[in-house]
Amino acid sequence: MTDATTAADEPGMPASRPALGRWLAGGSVAALAVLLGVTLAVRSGAAPACAALRAGGGLLAPPAAGTVHKGKATFYDSKGAGGNCSYPAAPADRRYVALGPSEYADGAACGGYLEVTGPKGTVRVMVMDQCPECAPGHLDLSREAFARIADPVQGIVDVNYRLVVDPPLPGPLTFRIKEGASQWWFAVLIANHGNPLRSVEVRQGSSGQWRTATRESYNYWLIDSGAGPGPYQIRVTDTRGHRVTATGVRMAPGTVQRSSVRMYGGSSRGSATGTGTPSARPKPSASASTRASARPTPSVALTTDATASVEPTAVEAFAAAPPATPSPSCG
């Protein structure tokens, strides 16, 4: 079974996405369809069918925190690509998972972590990709992750899995402004947040009005009318109620900017080096808005330096303590 490229002409989508070779070792596609009760089809550039699921009344939500789910696991190889979540690359430990449309939830699951237990052991994986042909409960793991819970020769195994709450963070938050963005069209990818994200707000400078960004299915947060020339403050809230604000994020498309603030567990100093390659300008796209919390953010200031293809500028980060009672949605 193969997963062809995501439709490149979908508004706002990345210009191209490497094909992800999904396969089933030790069994046939027909056997997998019988086991999972779903029809597996070969995609050829088809866009994810999340909108059709929503129109048909299907539930789109990441796996719920505190709940152990039962399902099946197969494996595939992203060949180093960052998947439908648009990350520049797969995690360094290559432990990741692709979820079916209902649990991928139009990108709402991106960046969260699942703990998966199979016949051989347990592995923690980051949600990085969508598996359009996967039914609810079907996890398509990386080959490396699958090998930690089962013999790859088995191809498909029964598993239990759960969403990890407040997993260890790989580092401070990073921000990547999308190629083609400008003061008139804003799009940012946020990584290293641990729990799935609930909302992202952006404002120009330190006194502008906060504007709520909308999450696209490929995990960028967009403001179609733009957010000004920058630098920006970006306020991030996750599904557990943690909220932080990073400042000094520059309009530097294609560059990963590393802040000095963590979503939880305290802040640390760090720096960023401009990386990335430009691509064709994407077209803005519309999507349902994500409502941001109105809770004010107390903060303390930290500073780091960030460098890119322009002169270094100061980057500050403000970290707010999470509220006493986390909100329950999406995790």
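Residues numbered from 1 in each chain as written. Predicted model: local features only at pLDDT ≥ 70, side-chain atom pairs only at ≥ 80, totals over all residues. Heavy atoms only, no water.

Chemist: What is the right way to look at the overall build of the protein in this model?
Modeler: For the protein, the helix and strand inventory stands at 4 helices and 19 strands. Counting every position in the protein, which comprises 331 residues, the buried fraction comes to 52%. Accessible surface, the protein: about 13700 Å² in total, of which carbon and sulfur atoms supply 56%. (Helix = DSSP H or I, 4+ residues; strand = E, 2+ residues; numbered from the N terminus. Buried < 20%, exposed > 50% of the residue type's maximum accessible area, 1.4 Å probe, protein only. Areas by Shrake-Rupley, 256 points an atom, 1.4 Å probe, with all protein chains shown as cover.)

Chemist: Looking at this model, I keep getting lost on the pattern of salt bridges. Mind explaining?
Modeler: Note that side chains of opposite charge can pair when their charged atoms are close. Applying the stated criterion across every chain yields a total of 7 salt bridges. Note that Asp158 is salt-bridged to Lys72, the shortest N-O span being 2.4 Å. Here Asp158 is found in strand 7 (residues 157-163), whereas its partner Lys72 is found in strand 2 (residues 69-77), with 86 residues between them in sequence. Arg124 serves as the salt-bridge partner of Glu115, at 3.8 Å between the closest nitrogen and oxygen. (Salt bridge = Lys/Arg side-chain N within 4 Å of Asp/Glu carboxyl O.)

Chemist: Looking at this model, I keep getting lost on the nonpolar core. Mind explaining?
Modeler: One recurring pattern in soluble globular proteins: nonpolar side chains tend to sit buried together. Ranked by internal contacts, the top residues of the largest apolar core, which has 65 residues, are Leu114, Val116, Ile190 and Ile234. Sort the elements by how many residues they give to this core and strand 9 (residues 186-191) lands first, with 6 residues. Not counting the four nearest positions on each side in its chain, Val116 is found in contact with Gly121, Thr122, Val123, Val125, Leu139, Leu141, Ile149, Val159, Asn160 and Tyr161. (Core = buried A, V, L, I, M, F, W, Y, C linked by side-chain atoms within 4.5 Å. Contact = heavy atoms within 4.5 Å.)

Chemist: How do you make sense of the side chain of Thr237 when you look at a structure like this?
Modeler: Secondary-structure assignment places Thr237 in strand 14 (residues 232-238). The residues contacting Thr237, other than those within four sequence positions of it, are Leu197, Arg198, Ser199, His242, Arg243 and Met263.

Chemist: Explain the confidence of the model for the protein here, please?
Modeler: Do not read the predicted coordinates in detail wherever pLDDT is low. The predicted model of the protein averages 73 in pLDDT, with 63% of residues at 70 or higher. Note on residues 1-57: pLDDT is under 50 here. Beyond four places in sequence and across chains, it has 119 contacts. Under a pLDDT of 50 for its full length, residues 268-331 has, in the predicted model, 153 contacts with residues more than four places off or in other chains. (pLDDT = per-residue confidence, 0-100.)

Chemist: What exactly am I supposed to notice about the state of the cysteines here?
Modeler: Such a bond, covalent and formed between the sulfur atoms of two cysteines, is termed a disulfide. By the definition in use, this model includes 2 disulfides. With its sulfur 2.0 Å from that of its partner, Cys85 forms a disulfide with Cys110. Residues Cys85 and Cys110 are joined through a disulfide that is left-handed, its torsion about the S-S bond being -85 degrees. Here Cys110 lies in the loop between helix 3 (101-104) and strand 4 (113-117) and Cys85 lies in the loop between strand 2 and strand 3 (96-99), a separation of 25 residues in the sequence. Just as Cys85 is buried, Cys110 falls in that class too. (Disulfide = S-S within 2.5 Å.)

Chemist: Would you explain the sheet that holds strand 13 (residues 221-223) in this entry?
Modeler: Across a sheet, paired strands are connected by hydrogen bonds in the backbone, their directions being either parallel or antiparallel. An order of 12-13-9-8-16 is seen for the 5 strands of this open sheet, with the pairing classed as antiparallel. If you trace the sheet from one side to the other, it starts and ends with strand 12 (214-215) and strand 16 (256-258), each paired once. For strand 9 and strand 13, the ladder comprises 3 bridges, and the chain directions are antiparallel. If you follow Val188 over to strand 13, its bridge partner there is Trp221. (Pairing = 2+ DSSP bridges.)

Chemist: When you look at the packing of aromatic side chains in this model, what are you seeing that I'm missing?
Modeler: Two aromatic rings are characterised by how far apart their centres lie and by the angle between their planes. One pass over the structure, following the stated rule, counts 4 aromatic pairs. Judged by centre distance (5.8 Å) and plane angle (75 degrees), the ring pair of Tyr76 and Tyr96 falls under edge-to-face. Placement of the pair is Tyr76 in strand 2 and Tyr96 in strand 3, with a sequence separation of 20 residues. Tyr96 carries the same exposure label as Tyr76, and that label is buried. A ring pair is formed by Phe186 and Tyr232, whose centres lie 5.0 Å apart and whose planes are at 70 degrees; its orientation type is edge-to-face. Taken together, the positions of Phe186 in strand 9 and Tyr232 in strand 14 put the pair 46 residues apart, joining distant regions of the chain. For the pair formed by Phe186 and Tyr232, the shared burial category is buried. The ring centre of Tyr220 lies 4.8 Å from the NZ or CZ of Lys178, which sits over that ring. (Phe/Tyr/Trp six-rings, centres within 6.5 Å; stacked < 30°, edge-to-face > 60°. Lys NZ or Arg CZ within 6 Å of the ring centre and 35° of its normal.)

Chemist: Is there a simple way to think about the pairing of strand 5 (residues 122-130) in this case?
Modeler: Within a regular strand, side chains alternate between the sheet's two faces. In terms of residue burial, strand 5 counts as a mostly covered element, since 7 of its 9 residues are buried. For strand 3 and strand 5, the ladder comprises 4 bridges, and the chain directions are parallel. Across the sheet, the residue bridging to Leu99 is Gln130, located in strand 5. Between strand 4 and strand 5, which pair antiparallel and follow one another directly, the connecting turn spans 4 residues.

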